[in-house]
Amino acid sequence: MHAPRLLIDTDPGVDDALAILMAHHSAEVVGLTIAAGNVGLGHTVANALKLVELIGAETPVYPGCATPLVRPAADAAYVHGEDGFGDAGLTPSSRRAADEHAVMAILRLSREFPGQLTLVALGPLTNLALALRIDPELPSRFARLVIMGGAVNGRGNTHRVPAEFNIGFDPEAAHVVFSNWPKFDLVDWEATVRHGLDYAEFAQWLQVDSPRARFYAAISRRTCDWAQAQGRARLYSADALAMAVALDPDIISQARECHVGIELDGSLTRGATVVDWEGRLQQPANARIILGVDQARFEARIRAALAAA
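So, here is what we can say about the structure in this document. Keep in mind that what you see is a predicted model, and the values were worked out from it rather than measured.

## Observations regarding a nonpolar patch on the surface
A surface patch of nonpolar side chains, about 230 Å² in accessible area, is lined by Leu69, Val70 and Leu130. Among the secondary structure elements, Leu130 is positioned in helix H5 (residues 126–134).

## Some words on unusual backbone geometry
Notably, Asp87 is not glycine yet its phi reads approximately 50 degrees, a positive angle. On the secondary structure map, Asp87 appears in the loop between helix H3 (77–80) and helix H4 (102–112). With a phi close to 55 degrees, Gln282 is a non-glycine residue in the positive phi region. Here Gln282 is to be found in the loop between strand E9 (273–275) and strand E10 (287–293).

## Digging into the packing of helix H11 (residues 238–247) against helix H12 (residues 295–307)
Two quantities define a packed helix pair, namely the angle between the axes and the distance from one axis to the other. At their nearest, the axes of H11 and H12 sit 10 Å apart, and the two run at 100 degrees to each other. With respect to H12, the element H11 is oriented roughly perpendicular. In this structure, H11 uses Ala240, Leu241, Ala244 and Leu247 to contact H12, whose residues at the interface are Phe298, Arg301 and Ile302. Considering only residue class, the contact of H11 with H12 consists of six nonpolar, no polar and one charged.

## Notes on the pattern of salt bridges
What the rule picks out here adds up to 13 salt bridges. Arg222 serves as the salt-bridge partner of Asp87, at 3.3 Å between the closest nitrogen and oxygen. In this pair, Asp87 is assigned in the loop between H3 and H4 and Arg222 in helix H10 (residues 211–229), connecting sequence segments 135 residues apart. On the accessibility criterion, Arg222 (33% relative accessible area) is partly exposed. Glu172 is the partner of Arg270 in a salt bridge, and the nearest nitrogen-oxygen pair spans 2.9 Å.

## Regarding the pairing of strand E4 (residues 117–121)
Along E4, five of the five residues are buried, which leaves the element largely enclosed by surrounding structure. Judged by which residues are buried, E4 turns out to be covered on both faces: Leu117, Leu119 and Ala121 on one side and Thr118 and Val120 on the other are all buried. As defined by bridge partners, E4 adjoins strand E5 (residues 142–148) across five bridges and the pair is classed as parallel. The residue bridging Leu119 from the neighbouring strand is Leu145, located in E5. With respect to chirality, the unit in which E4 leads through H5 into the neighbouring parallel E5 is right-handed.

## Overview of helix H2 (residues 41–55)
End to end, H2 covers 21 Å across 15 residues, agreeing with the expected 21 Å (1.5 Å per residue, within 8%). Of the positions making up H2, those classed as buried are Leu41, Thr44, Val45, Asn47, Ala48, Leu49, Lys50, Leu51, Val52 and Ile55. Close packing links the buried residues of H2 with helix H1 (14–26), strand E2 (28–34), strand E3 (61–63) and H10. Two residues or fewer after H2 comes Gly56, characterised by a positive phi angle close to 80 degrees.

## Some points on the packing of aromatic side chains
Each pair of aromatic rings is reported with the distance of its centres and the angle of its planes. This model, assessed by the stated rule, comprises eight aromatic pairs. Taken together, a centroid distance of 5.6 Å and an interplanar angle of 90 degrees make the contact between Trp189 and Tyr236 edge-to-face. Taken as a pair, Trp189 in helix H8 (residues 189–194) and Tyr236 in the loop between H10 and H11 lie far apart in primary sequence, 47 residues in all. Assessed through its relative accessible area of 19%, Tyr236 is described here as buried. Between Phe202 and Trp205, the ring centres sit 5.8 Å apart and the planes meet at 70 degrees, which makes this aromatic pair edge-to-face.

## Concerning the sheet that holds E2
Spatial strand order, E3-E2-E1-E4-E5-E6-E10-E7: eight strands in an open sheet with mixed pairing. In this open sheet, the two strands that pair with only one neighbour each are E3 and strand E7 (252–258). Across this sheet, the average inter-strand angle for adjacent strands is 25 degrees, counted without regard to direction.

## Concerning the side chain of Glu190
Tracing the sequence through the fold places Glu190 in helix H8. Here Glu190 occupies a buried position and makes no salt bridge, while the nearest side chain of opposite charge, Arg194, is found at 4.8 Å. Those residues in contact with Glu190, other than ones at most four positions away along the chain, are Ala151, Val152, Asn153, Gly154 and Arg155.

Rules used in this analysis
- Residues numbered from 1 in each chain as written.
- Predicted model: local features only at pLDDT ≥ 70, side-chain atom pairs only at ≥ 80, totals over all residues.
- Heavy atoms only, no water.
- Patch = residues over 30% accessible without salt bridge, like charges linked within 9 Å, V, L, I, M, F, W, Y side chains within 5 Å.
- Areas by Shrake-Rupley, 256 points an atom, 1.4 Å probe, with all protein chains shown as cover.
- Salt bridge = Lys/Arg side-chain N within 4 Å of Asp/Glu carboxyl O.
- Helix = DSSP H or I, 4+ residues; strand = E, 2+ residues; numbered from the N terminus.
- Axes fitted to C-alpha atoms, helices over the stretch in contact; angles between N-to-C directions.
- Parallel < 35°, antiparallel > 145°, perpendicular 65-115°, else oblique.
- Contact = heavy atoms within 4.5 Å.
- Nonpolar A, V, L, I, M, F, W, Y, C, P; charged D, E, K, R; others polar.
- Buried < 20%, exposed > 50% of the residue type's maximum accessible area, 1.4 Å probe, protein only.
- Pairing = 2+ DSSP bridges.
- Right-handed = clockwise from strand over helix to strand, strands pointing away.
- Expected span 1.5 Å × (residues − 1).
- Phe/Tyr/Trp six-rings, centres within 6.5 Å; stacked < 30°, edge-to-face > 60°.
- Lys, Arg positive; Asp, Glu negative; His and termini not counted.

The structure is reproduced here in structure tokens:
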């Protein structure tokens, strides 16, 4: 199977880092467009630069939006560490970010590689929403869009019970994307929970003598400790799951096509992904909701990415 060509929109964080390692192991990555989300933009850009340096790739890093479109939002530093990489004390990269803004890079790269790119959205959708507002024809130039976001049955992971972090951080941006992108794959938080990783097995994978495994062990230690302290039965890596779906569509074992909208106004439900499971709204399906994947193949992709020299 021909390796896919990816553009990754991301807010690195710990699970974004694993997804980006997976991408560089199995695909051509034409760029990383960066938003604020897990932590502030200064940290997410620095983390992206550190990743491409570790990998030894020439992947350009394009800084994007530092805030949500409309309302301010809290980050997830309590999970990822103040720097987004587990406060592991890493030496900053000597790499420099590109001068071009992420939104403009998305537009340009879509024209340079028309019909060839899979766009993988691992963070809040701020950059992508602005790109769509500038050029509504943008979806026609991408082969595929994979979004990590949402909680399709309302079992989210934020203080607003039904909302998942990426969508909840910038619901207006998600609304723009979900309303204007004709068809995309949605890998939600509930699928992430169904496809958790065994803590002990994951710790074993990180014992591999490779720079990537050592790096990931350092940045993920805090997150693993936090997750276990929360009583989570397994380690959840949402962005890694979305990346596995982007890299290998055949990994999908169960999916459902539905119309999905974004709640913007509810005091308890702002940021919720509302799924029309029964087709009552008579709106065309915009999302292929990924309900299940081949767990063994998912885990094999993670192991391969961590062990790569």
